2 protein chains.
Amino acid sequence: MNHVLILGAAGMIGARLAARIAENGTIGGQSVDRLTLADIIEPAAPAAGDIPAALSVQTLAADISDPETAERLAGLKPDIVVHLAAIVSGEAEDDFDTGYRVNLEGTLRLLEALRDTGHAPRLVFASSIAVFGAPFPDRIPDEHHLTPLTSYGTQKAICELLLADYSRKGFVDAVGLRLPTIVVRPGKPNRAASGFFSSIIREPLNGDVAILPVSTEVRHWMASPRAAVGFLEHAATMDTERLQGRRNITMPGISVSVQEQIDTLRDLAGQQRVKLIRHVPDERIAAIVAGWPRDFNTFRARSLGFTPDANFAEIVQTYAAEEGIRL
Amino acid sequence: MNHVLILGAAGMIGARLAARIAENGTIGGQSVDRLTLADIIEPAAPAAGDIPAALSVQTLAADISDPETAERLAGLKPDIVVHLAAIVSGEAEDDFDTGYRVNLEGTLRLLEALRDTGHAPRLVFASSIAVFGAPFPDRIPDEHHLTPLTSYGTQKAICELLLADYSRKGFVDAVGLRLPTIVVRPGKPNRAASGFFSSIIREPLNGDVAILPVSTEVRHWMASPRAAVGFLEHAATMDTERLQGRRNITMPGISVSVQEQIDTLRDLAGQQRVKLIRHVPDERIAAIVAGWPRDFNTFRARSLGFTPDANFAEIVQTYAAEEGIRL
């Protein structure tokens, strides 16, 4: 029986993972008897009707930039910690000190607090493809160096190194996952530079206009929310001996061009939907996107049992099914 | 005119760099009017007769693990900081907390203090090939990922990421140098696992017995003390625009096998000297050495003007000349 603690449980991926654990009473096939959901604002619990009687769910507000939080959370003695809490990329870039305080010091304090418990819990850490920075080869291999071009990517890369060393010492049993850009994100358009990858599918399916700020030749590395939750579940319960000390893994996304996204939308939902995409070039966004990875060779993740989406059509179909949109 | 601050100036490389600056009144061809030498114990100043009148030399004791030290040093407003101060590999491995406090927190505090001065000094940081960990290809390319297998290597890799991000933000103007193993180290045999690479040359040249604990097929990545000082001088004054944001560089050592070391000793000093090398296999040392890099492709460093030793014979000849040993 396992006690799972999710940090960042109010976020889109955290909430989905929580819902899945509550629904199944398991994570990655292992039974869960206690689920603690923490975020900077107290997260919602999964709907009561979905929670098995044998599963105890607790929610709490916890700011990991607060020095006492890590000790309080580690004191709950979780067996599995899924650490998704972070200041996002744009904010970490604008506010250097807050980014380092939350994304680096917060994680370092968590590692120290888990070390102090002496029982080396599994720690699943959400890293990001932002640890990579241009120039890089078209297909980035598993052995490619990390040269982040943002403070956020730097903080994630440092945390990767820390969790490898803390694991080598036996203080935690960690796995770091470099998550692809999550597409299709549900909800409203946001101002993230990557937002259009979701927007050009989501808005037309809702009958709304979407803005495409870049060329249709742009290619990017994507995974569905469902695939991302699957990565976290697998990392929570996999045999970490198989990592042979290399604790950080680039997750298998799929490499999709904007043109392929549009073609998929046309195939599944018709040309009328595609007409809702307006091409309004934005040089600032184009310049940012030009520094992002386009494709990876994720041989390692696949051989370790991480399962990517089958193709972009499946991503769109799953999104539509989850949102109750008929294609 | 420049004020140069050397942290770790009591060490072998720091003292040599200080002596060279004092002798020439320059670093990397640029004039120096002030030289501050700091170490955890107050370092010796270069011999007074060697110091030009236009150069002011100050020595001081400074423990970079002390929270106030970084501010005090940054308050001296150096134009160029050469940061060589660190807990060494074996000690950082045995004492996890001290290693992180000195090698990570100490450097982070230095970066913060230099940032606070607002004048973005050049910072030359001594990283190490310990940032790499097996398995790796026979010749490690410039784009190979960092997977350190020690806490020391982890701390150096984290500092590399920090100085790249602090430089990107314009807080410092940093260059990180991954130094090869320094051979021939003068002085007494020490207990470092890498000590034999120096010992099998140094002891026979002194007429003493040397112990070789590994096979003669072992190959390693080496640079002379003179080459290492040259790397630091070049990094102190190079045009950092040429780095294009990639602030950390694997220095050009030379890849030499133990057999080649022995053959060189024979060529230069005769078979009688070689007979002083006793082969006493040590499985523990052999296992450690098996995880070390053997060879690199350092195209980048060479194209940026870092100059390696010509060959191992030159390393031995320079050592002998410096120590007053006739070959």
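Below: a short report on this structure. (Residues numbered from 1 in each chain as written. Chains lettered and ligands numbered in written order. Predicted model: local features only at pLDDT ≥ 70, side-chain atom pairs only at ≥ 80, totals over all residues.)

1. Here we look at the overall build of chain A
- Along the backbone of chain A there are 12 helices and 13 strands.
- On C-alpha atoms alone, chain A measures out to a radius of gyration of 19 Å, which is about the 20 Å that the 2.2 N^0.38 rule sets for 327 residues.
- The dimensions of chain A, computed from C-alpha atoms along their principal axes, are 55 × 45 × 40 Å.
- Across chain A, the fraction of contacts at a sequence separation of at least 24, relative to all contacts at a separation of at least 6, is 77%. (Helix = DSSP H or I, 4+ residues; strand = E, 2+ residues; numbered from the N terminus. Rg over C-alpha atoms; globule rule 2.2 N^0.38 Å. Contact = placed C-beta atoms within 7 Å.)

2. What about the interface of chain B and chain A?
- Listed as interface residues are 14 residues of chain B and, on the opposing side, 14 residues of chain A.
- Among the elements that make up the side of chain B that touches chain A, the one with the highest residue count is helix α5 (residues 151–168) of chain B (six residues).
- Considering only residue class, the side of chain B that touches chain A consists of five nonpolar, five polar and four charged. (Nonpolar A, V, L, I, M, F, W, Y, C, P; charged D, E, K, R; others polar.)

3. As for the nonpolar core
- Counting residues in each nonpolar core, the largest one holds 202 residues, and the members touching the most others are A:Ile6, A:Val82, A:Leu177, B:Ile6 and B:Val82.
- Once you skip the residues sitting within four places of it in the chain, B:Val82 turns out to touch B:Val4, B:Ile6, B:Leu7, B:Leu17, B:Val124, B:Leu232 and B:Ala236. (Core = buried A, V, L, I, M, F, W, Y, C linked by C-beta atoms within 7 Å. Buried ≥ 20, exposed ≤ 12 C-beta atoms within 10 Å, placed from the backbone.)

4. Here we look at helix α7 (residues 225–237) of chain B
All names here are of chain B.
- Here α7 spans 19 Å end to end across 13 residues, near enough to the 18 Å set by a 1.5 Å rise per residue.
- Most of α7 sits inside the fold, with 11 of its 13 residues counted as buried.
- For α7, the complete set of buried residues consists of Pro225, Ala227, Ala228, Val229, Gly230, Phe231, Leu232, Glu233, His234, Ala235 and Ala236. (Expected span 1.5 Å × (residues − 1).)

5. Here we look at the sheet that holds strand β8 (residues 181–182) of chain A
Residues and elements named next belong to chain A.
- An order of β8-β10-β12 is seen for the three strands of this open sheet, with the pairing classed as mixed. Each edge of the sheet is formed by a strand with only one pairing partner; in this case those strands are β8 and β12 (254–257).
- Bridge count between strand β10 (residues 219–223) and β12: four bridges; the pairing is antiparallel. Across the sheet, the residue bridging to methionine 222 is isoleucine 254, located in β12. (Pairing = 2+ DSSP bridges.)

6. Examining the environment of A:Ala18
- For A:Ala18, the location among the structural elements is in helix α1 (residues 12–24).
- Setting aside its immediate chain neighbours within four residues, A:Ala18 contacts A:Ile6, A:Ala9, A:Leu35, A:Leu37 and A:Pro46.

7. Things to note about the relation of the copies chain B and chain A
- For the pair chain B and chain A, the superposition axis carries a translation of 0.0 Å, the fit reaches an RMSD of 0.0 Å, and the rotation angle comes to 180 degrees. In the structure described here, the two chain copies are related by an operation that fits a two-fold rotation axis. Nearest to the rotation axis, the C-alpha of B:His145 is located 1.8 Å from it, this being the minimum over chain B. (Least-squares fit on C-alpha atoms with pLDDT ≥ 70 in both.)

8. Some thoughts on the environment of A:Ala61
Residues and elements named next belong to chain A.
- Its location among the elements puts alanine 61 in strand β4 (residues 56–61).
- Judged by the 12 C-beta atoms lying within 10 Å of it, alanine 61 falls in the exposed class.
- Along the sequence, alanine 61 and alanine 10 sit 51 residues apart, while their C-alpha atoms lie 9.9 Å from each other.
- Aside from chain neighbours lying at most four places away, what touches alanine 61 is Ile40, Ile41 and Glu42.

9. Notes on the pairing of strand β10 (residues 219–223) of chain B
Residue and element names in this part refer to chain B.
- The element β10 is largely enclosed, with a buried count of four among its five residues.
- Pairing of strand β8 (residues 181–182) with β10 involves two bridges; the strand directions are parallel. Note on β10: the bridge partner recorded for isoleucine 182 is alanine 223.

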